[in-house]
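An overview of the molecular structure
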Amino acid sequence: MSDRKTRPATRLVGGRAEVDPATGALGVPVVMASTFHHPDPASPGPYDYSRSGNPTRGAVESLVADLEGGTAGFAFASGMAAITTVLALLGQGDHVLTTRDLYGGTYRALTGLFSRFGVDATFVDATDPAEIEAGLRPGTRMLWLETPSNPLLRITDLARACALARERGVLSVVDNTFMTPLRQRPLDLGADVVVHSATKFLGGHSDLMAGVVVVGEPGLAEQVKYLQNALGGVLSPHDAWLLLRGIKTLKARFDAEEQAAADLARRLVGHPGVERVFYPGLPGHPGAGVHRRQASGPGAVVSFDVGSGDRALEALRAVRIPAVAVSLGGVESILSYPWAMSHAAMPPEHRLALGITPGLLRLSVGLEDPGDLWEDLDRALDGR
Ligand SMILES: *Cc1c(COP(=O)(O)O)cnc(C)c1O
């Protein structure tokens, strides 16, 4: 190979880059040590204690930093451990501006936990840059964004939003879980921090909880490193290895799942039992243009409204292929019911105001044969 940088799919696989220099083994060794011997007691080597640094965790941290185009990556025991570590950059009196259809766990951390430490959060419709501009105030330290949003897949213009934040010295953070770095790279669009629930597409097999943070600016990397060590919610070496293993097939999985999702979304539009389909790859989607500019594909999650709670429950009971569950991004399709699952804690009038109706279903498309998946959904939506 020349020294030209390889493309993401090549870097995902690891291959020669991951050969263990000690043994020639293909793949990163799982270093299950909590502590490391100091050959020179006066100066510790690269590792001293696994909370502060571990070679297996380090391998996945460098890989995600590289994929997101950042300078440093950090791996955590869950997406929420990653998210709360980034929120811990804030202090008393700081204000966070974020989106109304924020991931429920992030909403909970802001309103139930960080509020107790004097961090104030306000929620706007981030798909409208004017609302972001009006929501930024002198004490705002952080703008927290998610696009496409969950579960309605609404699109925020990242370059515009991050530019508004930057002009005022506000840090912008993007939760990139739904897109993965293969489709959307927020740091390239002006964000300061990217977070992922690696439990979803990066891990990809519904067998792992993990979270990652990637930053561009070295000073910010120092601060996140300090907080990762201070809070201690690190990813275990074994789970770091499982995440590396999952990421190797990310491109193959995401390409196939997205293709199947795009096809299903088009078919759902024509289904008599479906009133509305929410998918950024459909031409009628209000954010389709912005999404196409900032992301290289519509993703593998489709939401659709079947008109009523009764019809939604009927479909959930009738499907045979998708698991009926929360979560997304696994090799198996998952059909979830936001009204009663992820958003149940939200007062009904808030859910309705966001457009989360009793008839809304969210499908994360897996790797099953798309024909089987369509036949199953078609039948379940017909009440057969
Ligand atoms: C699942 C999820 C999280 C939380 O991650 P965990 O791994 O469940 O802690 C955060 N953001 C988004 C968009 C998610 O889907």
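Conventions used here
Residues numbered from 1 in each chain as written. Predicted model: local features only at pLDDT ≥ 70, side-chain atom pairs only at ≥ 80, totals over all residues. Heavy atoms only, no water. 1 Å grid on protein atoms, 1.4 Å probe; cavity = no way out; pocket = protein on both sides within 12 Å on 5 of 7 lines; lining within 4 Å. Points joined across faces, edges and corners; volume = space filled by probe spheres on them. Helix = DSSP H or I, 4+ residues; strand = E, 2+ residues; numbered from the N terminus. Nonpolar A, V, L, I, M, F, W, Y, C, P; charged D, E, K, R; others polar. Domains from an automatic or database assignment. Near = heavy atom within 4 Å. Polar contact = N/O pair within 3.5 Å; in protein donor to acceptor, adjacent residues only side chain to side chain. Areas by Shrake-Rupley, 256 points an atom, 1.4 Å probe, with all protein chains shown as cover. Sits in = over half its atoms within 2 Å of the grid points. Expected span 1.5 Å × (residues − 1). Buried < 20%, exposed > 50% of the residue type's maximum accessible area, 1.4 Å probe, protein only. Pairing = 2+ DSSP bridges. Salt bridge = Lys/Arg side-chain N within 4 Å of Asp/Glu carboxyl O. Phe/Tyr/Trp six-rings, centres within 6.5 Å; stacked < 30°, edge-to-face > 60°. Lys NZ or Arg CZ within 6 Å of the ring centre and 35° of its normal. Contact = heavy atoms within 4.5 Å. Buried area = accessible area lost by both parts, 1.4 Å probe.

Taken as a whole, the largest pocket holds about 740 Å³ of empty space. Lining the largest pocket are 34 residues, with Tyr103, Gly104, Gly105, Arg108 and Ser342 sitting closest to its centre. Elements represented by at least two residues in the lining of the largest pocket include exactly helix H3 (79-87) and helix H4 (104-113). No other element matches the 4 residues that H4 contributes to the lining of the largest pocket. When the residues that make up the lining of the largest pocket are grouped by side-chain class, the tally is 16 nonpolar, 12 polar and 6 charged. Lining the lining of the largest pocket are residues from two domains, each supplying at least three of them: domain 1 (8-248) and domain 2 (250-381).

The environment of the ligand is made up of 15 residues, and the closest members are Gly79, Asp175, Ser197, Thr199 and Lys200. One of the side-chain nitrogen or oxygen atoms of Lys200 is found 2.7 Å away from an oxygen atom of the ligand. Protein chains shield 93% of the accessible area of the ligand, which is 380 Å² for the free molecule. According to the grid-proximity analysis, the pocket containing the ligand is the largest pocket. The greatest single-element share of the shell around the ligand, amounting to 3 residues, is contributed by H3.

So, on to helix H2 (residues 55-68). When the terminal C-alpha atoms of H2 are compared, their 20 Å separation across 14 residues agrees well with the 20 Å that a helix rising 1.5 Å per residue should span. With respect to burial, H2 is a largely interior element, 10 of its 14 residues being buried. Those residues of H2 that sit buried are Thr56, Arg57, Val60, Glu61, Leu63, Val64, Ala65, Asp66, Leu67 and Glu68. Its side-chain oxygen at 2.8 Å from the backbone nitrogen of Thr56, Asn54 defines the N-terminal cap of H2. Looking one or two residues beyond H2, the residue adopting positive phi is Gly69, at roughly 75°.

What follows deals with the pairing of strand E9 (residues 301-305). With 5 of its 5 residues buried, E9 lies for the most part within the structure. Relative to E9, strand E8 (residues 276-278) runs antiparallel, the two being bridged by 3 bridges. Its bridge partner being in E9, Val277 is matched across the sheet by Phe304. Strand direction decides the pairing type here: E9 and strand E12 (residues 360-364), joined by 5 bridges, are antiparallel. Across the sheet, the residue bridging to Val301 is Ser364, located in E12.

The next thing to look at is the pattern of salt bridges. Oppositely charged side chains may form a pair once their charged atoms are brought near each other. Counting across every chain of the model gives 19 salt bridges. The residue Asp94 makes a salt bridge to Arg141 at a minimum N-O spacing of 3.0 Å. Separated by 47 residues along the polypeptide, Asp94 in the loop between H3 and strand E2 (95-99) and Arg141 in strand E4 (residues 140-146) bring together distant segments of the chain. Since its relative accessible area comes to 11%, Asp94 is described here as buried. Judged by relative accessible area, Arg141 falls into the partly exposed class, the value being 30%.

Now for the packing of aromatic side chains. In the structure shown here, the tally under the stated rule is 3 aromatic pairs. With centroids separated by 4.9 Å and ring planes inclined at 75°, the aromatic side chains of Phe201 and Phe254 adopt a geometry described as edge-to-face. Of this pair, Phe201 sits in the loop between strand E6 (193-197) and strand E7 (211-215) while Phe254 sits in helix H10 (residues 250-269), and the two are 53 residues apart along the sequence. A relative accessible area of 1% places Phe201 in the buried class. The class of Phe254 is buried, set by a relative accessible area of 0%. The residue whose ring lies beneath Arg351 is Trp339, and the NZ or CZ to ring-centre distance is 4.2 Å.

Here the focus is the domain arrangement of the protein chain. Assigned domains within the protein chain: domain 1 (8-248) and domain 2 (250-381). The straight-line distance from the C-alpha centre of domain 1 to that of domain 2 is 26 Å. Listed by partner, the interface residues are 33 residues for domain 1 and 39 residues for domain 2. In this assembly, domain 1 packs against domain 2 so that about 2,900 Å² is buried in total across both faces, 63% of it on carbon and sulfur atoms. Summed over the three residues of domain 1 that lose the most area to domain 2, namely Leu152, Arg183 and Phe201, the buried surface amounts to 26% of that side. For the pair domain 1 and domain 2, the interface holds 3 salt bridges. Where Asp157 meets Arg293, a salt bridge forms, and the shortest distance between an N and an O atom there is 3.6 Å. Taken together, the links from domain 1 to domain 2 amount to 15 residue pairs in polar contact (both at pLDDT 80 or more). Looking at the side of domain 1 that touches domain 2, the elements that each hand over two or more residues are helix H1 (8-13), helix H6 (158-167), helix H7 (180-183) and helix H9 (237-248). When its residues are assigned to classes, the side of domain 1 that touches domain 2 shows 16 nonpolar, 10 polar and 7 charged.

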